[in-house]
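Single-letter residue listing:
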Amino acid sequence: MGIVKISDPLHESLRVASQALSRSINAQAEHWMRIGMLAELHPQLNHSEICQLLIRAEQEGGLDLARLAGWAQPAKAKASVKGGRA
């Protein structure tokens, strides 16, 4: 974990948004960073599509930003072998 320094006006915006959306200030900041990063990486997607992408990622076992960003390859499924047959 690290410390990110932000301006006082942005911190106040975070405080207001976090209270309105029932999130901690850190959770709200992380949400905005996640949305912003994905918007920069996928400029063709609108906000609704980014939210859908995040929901699908969560349904598939959790948010992996490196995979969503295209920085990591998904793990390849291992073929199961039963009774000596492939």
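A brief structural summary. All values reported here derive from a predicted model rather than from experimental measurement.

1. Quick look at helix H3 (residues 47-59)
Look at H3: 19 Å from first C-alpha to last across 13 residues, which is about the 18 Å you get at 1.5 Å a residue. Taken together, the buried positions of H3 are occupied by Ile50, Leu53, Leu54 and Ala57. Along the long axis of H3, the arc covered by the buried residues comes to 95°, so they all point the same way. What points out from H3, more than 90 degrees from its buried face, is the exposed set Ile55 and Gln59.

2. Structural notes on the packing of helix H2 (residues 25-41) against H3
In the contact formed by H2 and H3, the axes pass within 10 Å of each other and the chain directions differ by 110°. As summarised for this structure, H2 and H3 are arranged roughly perpendicular, according to the angle between their axes. Remark: the crossing between H2 and H3 carries right-handed chirality. Where H2 approaches H3, its residues Arg34, Ile35, Leu38 and Ala39 are matched on the opposing element by His47, Ile50, Cys51, Leu53 and Leu54. When the residues that make up the contact of H2 with H3 are grouped by side-chain class, the tally is 7 nonpolar, 1 polar and 1 charged.

3. Details of the pattern of salt bridges
Counting across every chain of the model gives 2 salt bridges. Two residues, Glu12 and Arg15, come together in a salt bridge whose shortest N-O distance is 2.4 Å. Here Glu12 pairs with Arg15, and both are found in helix H1 (residues 8-20), just 3 residues apart, close to one helical turn.

4. Comments concerning the packing of H1 against H2
Remark: H1 packs on H2, axes separated minimally by 8 Å, with the N-to-C direction vectors making an angle of 105°. One element, H1, and the other, H2, form an angle in the roughly perpendicular class. Contact residues: Leu10, His11, Ser13, Leu14, Arg15, Ala17 and Ser18 in H1; Ile25, Gln28, Ala29 and Trp32 in H2. Residue composition of the contact of H1 with H2, by class: 6 nonpolar, 4 polar and 1 charged.

5. Observations regarding the nonpolar core
If you look at the biggest cluster of nonpolar residues, it comprises 5 residues: Ile35, Leu38, Ile50, Leu53 and Leu54. Residue assignment for this core shows that the elements contributing at least two residues are H2 and H3. In terms of residues, this core owes the most to one element, H3, which gives 3 residues.

Definitions and limits used
Residues numbered from 1 in each chain as written. Predicted model: local features only at pLDDT ≥ 70, side-chain atom pairs only at ≥ 80, totals over all residues. Heavy atoms only, no water. Helix = DSSP H or I, 4+ residues; strand = E, 2+ residues; numbered from the N terminus. Expected span 1.5 Å × (residues − 1). Buried < 20%, exposed > 50% of the residue type's maximum accessible area, 1.4 Å probe, protein only. Arc of directions from axis to C-beta. Axes fitted to C-alpha atoms, helices over the stretch in contact; angles between N-to-C directions. Parallel < 35°, antiparallel > 145°, perpendicular 65-115°, else oblique. Left-handed = near helix turned anticlockwise from the far one by under 90°. Contact = heavy atoms within 4.5 Å. Nonpolar A, V, L, I, M, F, W, Y, C, P; charged D, E, K, R; others polar. Salt bridge = Lys/Arg side-chain N within 4 Å of Asp/Glu carboxyl O. Core = buried A, V, L, I, M, F, W, Y, C linked by side-chain atoms within 4.5 Å.

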